[in-house]
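Given next are the chains, with one letter for each unit.
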Amino acid sequence: MSKATATPRSLRVAVLTYSNRRTGEDDSAGGLIRRCLTGAGHQVATSAIRHGDALAMREFLRAWLADPGIDAVVSSGGTGITDCMPQAAAPLIEHDIPGFAVLFQVLSLEDIGSSGMLSRACAGLAGGKLLFLLPGSEGGSRLAMQRLVIPQLDSSTRPCSLAGLLSDE
C-alpha cells in the first residue's frame, strides 16, 4: 500500500451497471455511483449498462481494463449469490483485496441484517487498475461507495489508500 499524498488525485473511472432490466433513465445505482465519483472530484471516463454470461462480461471488463484512459472500474449488479460478475472478474484480478468484501459484509450486517451475507461484493487490482464489484441495489451501492470506495479512491486518505497503488500518468 502506498502512503498518502498531500494532494488528492482525480481518477478516471468507468462505471458499469450489470442488468437486463435497467435503462439509462432508471439506473438508480449507476447514477448514484456516478454522482459519488464526480462529487469526490473524480471523472466518469465512460459508463455502460450490459448483461451477459460470465465470459461476455469478462471480455467487456477486459477491454475497459486495457484502456489507458481508465484508472478504475466500478460495477454495480451481478454480485448476488447466483449472479456471474465475481466469476467474470476473477481471472482478471491479479491481487484480490479480501478486506473489501469483509468490511462490506460487516457494514451490510449493520444496515440490512443477515441478508448482507448473500452479497459477493468484492474488489481487486486488475491490469494495474482498481476493480470494484458492488451490489445492484441503490442502498448497497451507496453503502459501498460512501464507506469504502470513495475514501480509498482518495490518494490523501491516511495512512494509505488503494489509489496510491495506481501509477501516475
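The present account deals with the structure reproduced in this document.

What counts and how
Residues numbered from 1 in each chain as written. Predicted model: local features only at pLDDT ≥ 70, side-chain atom pairs only at ≥ 80, totals over all residues. Heavy atoms only, no water. Buried < 20%, exposed > 50% of the residue type's maximum accessible area, 1.4 Å probe, protein only. Helix = DSSP H or I, 4+ residues; strand = E, 2+ residues; numbered from the N terminus. Pairing = 2+ DSSP bridges. Phe/Tyr/Trp six-rings, centres within 6.5 Å; stacked < 30°, edge-to-face > 60°. Right-handed = clockwise from strand over helix to strand, strands pointing away. Contact = heavy atoms within 4.5 Å. Polar contact = N/O pair within 3.5 Å; in protein donor to acceptor, adjacent residues only side chain to side chain. Patch = residues over 30% accessible without salt bridge, like charges linked within 9 Å, V, L, I, M, F, W, Y side chains within 5 Å. Areas by Shrake-Rupley, 256 points an atom, 1.4 Å probe, with all protein chains shown as cover. Salt bridge = Lys/Arg side-chain N within 4 Å of Asp/Glu carboxyl O.

A few points about the pairing of strand E6 (residues 122-126)
1) Next: Burial analysis of E6 places 5 of its 5 residues in the buried class, which makes it a mostly covered element.
2) Next: Bridge count for strand E5 (residues 95-96) against E6 is 2 bridges, and the pairing is antiparallel. Paired with Asp 96 across the bridge in E6 is Gly 124.
3) Next: Pairing of E6 with strand E7 (residues 129-134) involves 5 bridges; the strand directions are antiparallel. Residue Ala 126 lies in a different strand from E7, and its bridge partner there is Lys 129.

What about the packing of aromatic side chains?
1) Next: All told, the structure shown has 2 aromatic pairs when counted by the stated rule.
2) Next: Centroid distance Phe 60 to Trp 64: 4.8 Å. Interplanar angle 55 degrees. Geometry classified as tilted. Note that Phe 60 and Trp 64 are positioned in helix H2 (residues 54-66) at a spacing of 4 residues, about one turn of the helix.
3) Next: A residue is classified by how much of its surface remains accessible, and Trp 64, at 9% relative accessible area, is buried.

What to know about the pairing of strand E3 (residues 43-50)
1) Next: Across 7 bridges, strand E2 (residues 12-18) lies against E3 in parallel orientation. Counted as the bridge partner of Tyr 18 is Arg 50 from E3.
2) Next: Crossover handedness for the path E2 to helix H1 (residues 28-39) to E3: right-handed.

Quick notes on the side chain of Thr 79
1) Next: Mapped onto the elements, Thr 79 comes out in the loop between strand E4 (72-76) and helix H3 (85-89).
2) Next: Owing to a relative accessible area of 3%, Thr 79 belongs among the buried residues under this scheme.
3) Next: Residues contacting Thr 79, with those up to four places away along its chain left out, are Pro 86, Leu 118, Ser 119, Arg 120, Ala 121, Leu 133, Leu 134 and Pro 135.

Describing the environment of Asp 27
1) Next: In this fold, Asp 27 is placed in the loop between E2 and H1.
2) Next: Sequence separation between Asp 27 and Leu 131 is 104 residues; the distance between their C-alpha atoms is 20 Å.
3) Next: Look past the residues within four positions of Asp 27 in its chain and what remains in contact with it is Thr 17, Arg 22, Arg 34 and Ile 49.
4) Next: A distance of 2.7 Å separates polar atoms of two side chains, one belonging to Asp 27 and the other to Thr 17.

Here's the deal with a nonpolar patch on the surface
1) Next: A grouping of Ile 81, Met 117 and Leu 118 is seen on the molecular surface, where their side chains present a nonpolar patch of about 330 Å² in accessible area.
2) Next: Tracing the backbone shows Met 117 in the loop between helix H4 (98-112) and E6.

Concerning the pattern of salt bridges
1) Next: Across all of its chains, the model carries 6 salt bridges by this definition.
2) Next: A salt bridge links Asp 71 to Arg 12; its shortest N-O distance comes to 2.8 Å. Pair noted here: Asp 71 is in the loop between H2 and E4 and Arg 12 is in strand E2, with a separation of 59 residues, a long-range link.
3) Next: Overall, the relative accessible area of 22% leaves Arg 12 in the partly exposed class.
4) Next: Of the charged contacts in the structure, one is a salt bridge between Asp 26 and Arg 22, with a shortest N-O distance of 4.0 Å.
5) Next: Taking relative accessible area as the criterion, Arg 22 reaches 36% and is therefore assigned partly exposed.
6) Next: One salt-bridge network, held together by shared partners, links Arg 9, Arg 12 and Asp 71.

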